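# Observations on the model geometry
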Amino acid sequence: MEVEVKLRLPNAVTHQRVSSILSPYHLKTHTQENIFFDGANSELSSNFAVLRLRFYDLDAQCIISLKAKPVISNGISRIEEDEEPIDHFIGRACVSEPWRLALIDSSRIIRRVREEYGIGDNGLVCLGGFRNVRAVYEWNGLKLELDETHYDFGMNYEIECESSDPERAKDLLEEFLMSHGIDYSYSSVSKFAIFRSGKLPQLLLYSRHILWRAISVECPSSDCF
């Protein structure tokens, strides 16, 4: 189970301000290309699951992930995740010809996709994807990930923190943002859900300067990915 705090930032200016404040704690920055797949008959999405290939830093690494049963509430995301590395040349070949994915017998995740989700003779189809720039920081005992996500229809900005104590992590992050006068909101859907919707979600902000607060949506469905 992956448990993350997810807070959305309103724009590029705010993203840059957070980046500048956290710069003394910067560890590394990754470029990511995320490509998603489903069964030809929606075998994965109909069971609240999604298959993803993620390419890091111009094909320096490729990770295949199976995500399932997402729930996002009050800025905290919980999702079942299984992942493993695969050869990036194989990954690129599967993007071009998605049917190849189902033939990777050496992959534990692909075996799960076939056996648990019953991918049929028509195999897998590529849904497309998006790019993300992720800056990683070590701050106050937390590993923070500051994301700049590039969709065909716009840009999204988010700060994430995976934690075994998400409520404490969220409190620390909110205190940090509010102490610097930085507006934010609770993320209510995932990057994948935004990609599938084809539009950026409505932004309702938390701020020490603004008296109205974000509406949190509990989302136990495929729209949460």
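Computed from a predicted structure; not experimentally measured.

A few words on the overall build of the protein. Across its full length, the protein holds five helices and nine strands. Start at the N end of the protein and walk to the C end: the helices and strands fall as β-α-β-β-β-β-α-α-β-β-β-α-β-α. Here the protein has a C-alpha radius of gyration of 18 Å; the compact-globule value for 225 residues is 17 Å, and the two agree. A total of 225 residues make up the protein; the buried ones form 51% of that total. Partitioning the contacts of the protein with sequence separation of at least 6, the portion at a separation of at least 24 is 65%. Element-wise, carbon and sulfur atoms account for 49% of the exposed surface of the protein, whose accessible area totals about 10800 Å². Averaged over its 25 positive side-chain charges, the protein has a centre that lies 3 Å from the centre of its 34 negative ones.

This brings us to the layout of surface pockets. As a volume, the largest pocket reaches approximately 670 Å³. If you go around the largest pocket, you meet 35 residues; those closest to its centre are E2, R52, R54, K67 and R134. Each residue belonging to the lining of the largest pocket can be placed in one class, and the counts come to twelve nonpolar, seven polar and 16 charged.

Turning next to the pattern of salt bridges. Tallying each qualifying case throughout the model produces 20 salt bridges. Put simply, E4 and K6 hold a salt bridge, and the shortest N to O gap is 3.3 Å. Residue R114 pairs with D105 through a salt bridge whose shortest N-O separation is 3.2 Å. Assessed through its relative accessible area of 29%, R114 is described here as partly exposed. In the salt-bridge network here, residues are joined through shared partners; they are E4, K6, R134, E145, D147, E158, E160 and K191.

Enumeration over the complete set of coordinates arrives at zero disulfides. Of all cysteine sulfurs in the structure, the one in C94 sits closest to C126, which takes part in no disulfide; the separation is 10 Å.

Attention shifts here to unusual backbone geometry. For D59, which is not a glycine, the phi torsion comes out positive at approximately 70°. You can see D59 is positioned in the loop between β3 (49-56) and β4 (61-73). The class for D59 is partly exposed, based on a relative accessible area of 21%.

Further remarks concern the packing of aromatic side chains. Counted under the stated rule, the structure contains eight aromatic pairs. Measuring from centroid to centroid gives 4.5 Å for F36 and F192, while their planes differ by 45°, and the two rings are tilted. In this pair, F36 sits in strand β2 (residues 26-39) while F192 sits in helix α5 (residues 191-197), placing the two residues 156 residues apart along the sequence. For the residue pair F36 and F192, the accessibility class agrees, reading buried in each case. Between F130 and F195, the ring centres sit 5.9 Å apart and the planes meet at 55°, which makes this aromatic pair tilted.

Moving on: the pairing of strand β7 (residues 142-151). For β7, a buried count of eight out of ten residues is recorded, marking the element as mostly surrounded by other parts of the structure. Inspection of the sheet shows strand β6 (residues 124-139) paired to β7 by nine bridges, in the antiparallel sense. Bridging from a neighbouring strand, N132 pairs with T149 of β7. Bridging between β7 and strand β8 (residues 154-162) involves eight bridges; their strand directions are antiparallel. From the neighbouring strand, T149 faces β8, where its bridge partner is N156. The turn linking β7 back onto β8 is made up of two residues.

A cluster of acidic residues, D165, E167, D171 and E175, forms a negative patch on the protein surface. Of note, E167 is situated in helix α4 (residues 166-179).

Each value, and the rule that gives it
Residues numbered from 1 in each chain as written. Predicted model: local features only at pLDDT ≥ 70, side-chain atom pairs only at ≥ 80, totals over all residues. Heavy atoms only, no water. Helix = DSSP H or I, 4+ residues; strand = E, 2+ residues; numbered from the N terminus. Rg over C-alpha atoms; globule rule 2.2 N^0.38 Å. Buried < 20%, exposed > 50% of the residue type's maximum accessible area, 1.4 Å probe, protein only. Contact = heavy atoms within 4.5 Å. Areas by Shrake-Rupley, 256 points an atom, 1.4 Å probe, with all protein chains shown as cover. Lys, Arg positive; Asp, Glu negative; His and termini not counted. Charge placed at Lys NZ, Arg CZ, Asp CG, Glu CD. 1 Å grid on protein atoms, 1.4 Å probe; cavity = no way out; pocket = protein on both sides within 12 Å on 5 of 7 lines; lining within 4 Å. Points joined across faces, edges and corners; volume = space filled by probe spheres on them. Nonpolar A, V, L, I, M, F, W, Y, C, P; charged D, E, K, R; others polar. Salt bridge = Lys/Arg side-chain N within 4 Å of Asp/Glu carboxyl O. Disulfide = S-S within 2.5 Å. Phe/Tyr/Trp six-rings, centres within 6.5 Å; stacked < 30°, edge-to-face > 60°. Pairing = 2+ DSSP bridges. Patch = residues over 30% accessible without salt bridge, like charges linked within 9 Å, V, L, I, M, F, W, Y side chains within 5 Å.

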